[in-house]
Amino acid sequence: RVALMTGRSDPARTGLPEAQAAFLAAVTPPGMVAVKDGYPWIGGPPEMPVPLLLAAWRNASQWRAARNGAAQAEISARLHALGRGPLAIITGSCGLDLLHCGWVEDRCGLVIALGPVMAERPCWPGVRLVTVIGRRDLLARTLHRAAPDIRVPCSHMGYWTCHETRAAVAGVLRDWTP
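Let me begin by describing the structure that accompanies this report. Keep in mind it's a predicted model, so treat the numbers as computed, not measured.

### A short note on the environment of Ala21
Stage number 1. Inspection of the secondary structure assignment puts Ala21 in helix H1 (residues 18–27).
Stage number 2. Residues Ala21 and Pro45, spaced 24 residues apart in sequence, show a C-alpha to C-alpha distance of 12 Å.

### Overview of the nonpolar core
Stage number 1. Counting residues in hydrophobic clusters, the biggest one holds 27 residues, and the most contacted among them are Val2, Ile90, Leu110, Ile112, Leu114, Val169 and Leu173.
Stage number 2. Where this core is concerned, the elements lending two or more residues are strand S1 (2–6), H1, strand S2 (88–92), strand S3 (110–114), strand S4 (128–134) and helix H6 (163–175).
Stage number 3. No other element matches H6, which puts four residues into this core.

### Regarding the side chain of Thr28
Stage number 1. Considering the arrangement of structural elements, one finds Thr28 in the loop between H1 and helix H2 (52–65).
Stage number 2. Within the structure, Thr28 has its side chain in polar contact with the backbone oxygen of Leu24 (distance 2.6 Å).

### Some words on a positive patch on the surface
Stage number 1. Together, Arg135, Arg136, Arg141 and Arg151 line one region of the surface with positive charge.
Stage number 2. The exposure class assigned to Arg136 is exposed, which follows from its relative accessible area of 56%.

What counts, and where the lines are drawn
- Residues numbered from 1 in each chain as written.
- Predicted model: local features only at pLDDT ≥ 70, side-chain atom pairs only at ≥ 80, totals over all residues.
- Heavy atoms only, no water.
- Helix = DSSP H or I, 4+ residues; strand = E, 2+ residues; numbered from the N terminus.
- Core = buried A, V, L, I, M, F, W, Y, C linked by side-chain atoms within 4.5 Å.
- Buried < 20%, exposed > 50% of the residue type's maximum accessible area, 1.4 Å probe, protein only.
- Polar contact = N/O pair within 3.5 Å; in protein donor to acceptor, adjacent residues only side chain to side chain.
- Patch = residues over 30% accessible without salt bridge, like charges linked within 9 Å, V, L, I, M, F, W, Y side chains within 5 Å.
- Areas by Shrake-Rupley, 256 points an atom, 1.4 Å probe, with all protein chains shown as cover.
- Salt bridge = Lys/Arg side-chain N within 4 Å of Asp/Glu carboxyl O.
- Lys, Arg positive; Asp, Glu negative; His and termini not counted.
- Charge placed at Lys NZ, Arg CZ, Asp CG, Glu CD.

What follows is the structure, encoded as structure tokens:
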């Protein structure tokens, strides 16, 4: 299975916005099942577009909240709810940080981080982490101190529609052996 984990710009909705749903459909290889909604993976209508500053504020609030025990427990519970078996998680922006805060051992074998804003590169035993950073993504290039594994020609808000990002992620997923 493959799932997306990003900050929730529209906290009232959990479905994937059109661009993320199209991205997931494009990168999921045959034989792998895509989780059709976003974190917290409970179903629901798709997120609605929100102004960039509001989205940034909400994501920053989630990032701060993820440092407390209740939020960590919530993230861990949602990861458990995805079940056992091979799982790849594609994170966007603060998604890598949220995943790290609620990490559950032996749930995930591959993490692909698009535009990570987490300062340090996490290291999980037995997990392959691939970071993808856009050449025009000043936010990720400033905040994520580790060198990216893959560079693509997009900005922080452009990963879902960038053809090079899609090709790179599809290749990583296709070549992954759980």
